[in-house]
Amino acid sequence: MTTYETILVETPVDGVGLIRMNRPQALNALNSQITHEIFTAMEMFDRDPSIGCIILTGSDRVFAAGADIKQMLDTTAITMMAGGDFTDWSRMTRIGKPIIAAVSGFALGGGCEIAMMCDMIIASETAQFGQPEINLGILPGAGGTQRLTRAVGKALAMEMCLTDRRLSADEAKHYGLVNAVYPIEVYLNEAIKLGQKVASLSQVAIRLTKDAVNKAFELSLQEGLNYEKRNFYLLFGTEDRTEGMSAFVEKRKPVWKHK
Ligand code: HXC
């Protein structure tokens, strides 16, 4: 049994693994310990056949206020390169199961970036998204210049990265950064409900679908279409595909075997 110091891990309902960032004294600033624990917990849920969807959340006050500035204070370009600082964030991109960010309060800097590394974002009305790194004399280093630009477009991403323009929850919804906004009392439950929906489906189809959608960010259109077609064909080798189509024809609910 893995023990964690900076996150809380639970299964609030069947099929959904919840990871709660828990460094309240530092507003969940993302030091190397908390990111290591987050990615380790995600990998454990990814390997756990009883889990179909992962949720990453913080507290109602703060999702995460960014990379830990105090930890970065005495680093240099050389120590960063030698230590491969932040390269372990790519562990999250190898998680096969869908990850939902449930965001309330500040999602700034690395906090915004780790939310954008999730597959869907559910926000509370108090959520605030921003890339304030420019105020520190640095730039977003974990996808803020790339994922944000793809999500909200160049003009707004430039404004956010160059001037620390922040997005309210409603603006983030308007610009397509988040899926939905709910009152603070219910946003986490709504994220869990969405996670339950995902977990109730064929895990093998869910995994290949997430994989194909993510390829849209990496490949040309024709390469992406070819990749999608291969995943599509692959699903015709699964028992769940036979079950899903048979259940439709027989007018009953499918019983997924996840294989
Ligand atoms: C370390 C942090 C922190 C951070 C807050 N704290 N953010 N510590 N790193 N990113 C600490 C504060 O120092 C303080 O500790 C405690 O948390 C409470 O913060 P306050 O500032 O007192 O709270 P408040 O006045 O409510 O202001 C909240 C805030 C502000 C607006 C979120 O804390 C803030 O601006 N934080 C920094 C946001 C930021 O610049 N993020 C980008 C980081 S760079 P003490 O000990 O004083 O009580 C980054 C790069 C990513 O993310 C690159 C990845 C490769």
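What you see is a predicted model; the values in this text were computed from it and never measured.

Student: It is not clear to me how the site of the ligand should be interpreted in this structure. Could you clarify?
Tutor: Residues in close proximity to the ligand total 23 residues, the closest being R61, A65, A67, I69 and G110. Taking A65, its main chain carries an N or O atom lying 2.9 Å from a nitrogen atom of the ligand. The separation between an oxygen atom of the ligand and a polar main-chain atom of G110 is 2.8 Å. In isolation the ligand exposes 1,000 Å². Once the protein is present, 66% of that is buried. Elements with a minimum of two residues in the shell around the ligand: α2 (69-72), β6 (106-108) and α4 (110-116). Its residues placed into classes, the shell around the ligand shows 13 nonpolar, five polar and five charged.

Student: Even after reading the chapter, I still don't get a nonpolar patch on the surface, so can you show me in this structure?
Tutor: A cluster of nonpolar side chains, contributed by F232, Y233, F236 and M245, occupies part of the molecular surface with about 440 Å² of accessible area. Topologically, M245 is positioned in helix α11 (residues 239-249).

Student: Even after reading the chapter, I still don't get the sheet that holds β6, so can you show me in this structure?
Tutor: Spatially, four strands are ordered β4-β6-β8-β9 in an open sheet, and the strand pairing comes out mixed. Looking at strand neighbours, the two that pair on one side only are β4 (62-64) and β9 (167-168), the edges of this open sheet. In terms of strand pairing, strand β8 (residues 128-130) meets β9 through two bridges, oriented antiparallel. Each residue of the ladder has a partner; that of F129, found in β9, is L167.

Student: Where do I start with a negative patch on the surface in this structure?
Tutor: Residues D60, E125, D170 and E185 make up a contiguous surface patch of negative charge. As for its placement among the helices and strands, D170 is situated in helix α7 (residues 169-174).

Student: Would you take a moment to explain the packing of helix α9 (residues 203-215) against helix α10 (residues 221-235) for this structure?
Tutor: When two helices pack together, their arrangement is given by the angle between their axes and by how far apart the axes lie. As a packed pair, α9 and α10 sit with axes 9 Å apart at the nearest point and diverge in direction by 175°. As summarised for this structure, α9 and α10 are arranged roughly antiparallel, according to the angle between their axes. Every residue of α10 that contacts α9 at V204, A205, L208, D211, A212 and K215 is listed here: Y227, E228, N231, L234 and L235. Looking at the contact of α9 with α10 residue by residue, the class counts come to seven nonpolar, one polar and three charged.

Student: Teacher, can you tell me more about the sheet that holds strand β3 (residues 53-57) here?
Tutor: The pairing of strands in a sheet happens through backbone hydrogen bonds and is either parallel or antiparallel. Taken in spatial order, the six strands of this open sheet run β1-β2-β3-β5-β7-β10, and their pairing is mixed. Only two strands of the sheet have a single neighbouring strand rather than two, namely β1 (7-13) and β10 (180-182). Strand-to-strand twist of the sheet, defined as the mean angle between neighbouring strand axes without regard to direction, takes the value 25°. As defined by bridge partners, strand β2 (residues 16-21) adjoins β3 across five bridges and the pair is classed as parallel. Following the sheet pairing, R20 is matched in β3 by T57.

What counts, and at which threshold
Residues numbered from 1 in each chain as written. Predicted model: local features only at pLDDT ≥ 70, side-chain atom pairs only at ≥ 80, totals over all residues. Heavy atoms only, no water. Near = heavy atom within 4 Å. Polar contact = N/O pair within 3.5 Å; in protein donor to acceptor, adjacent residues only side chain to side chain. Areas by Shrake-Rupley, 256 points an atom, 1.4 Å probe, with all protein chains shown as cover. Helix = DSSP H or I, 4+ residues; strand = E, 2+ residues; numbered from the N terminus. Nonpolar A, V, L, I, M, F, W, Y, C, P; charged D, E, K, R; others polar. Patch = residues over 30% accessible without salt bridge, like charges linked within 9 Å, V, L, I, M, F, W, Y side chains within 5 Å. Salt bridge = Lys/Arg side-chain N within 4 Å of Asp/Glu carboxyl O. Pairing = 2+ DSSP bridges. Lys, Arg positive; Asp, Glu negative; His and termini not counted. Charge placed at Lys NZ, Arg CZ, Asp CG, Glu CD. Axes fitted to C-alpha atoms, helices over the stretch in contact; angles between N-to-C directions. Parallel < 35°, antiparallel > 145°, perpendicular 65-115°, else oblique. Contact = heavy atoms within 4.5 Å.

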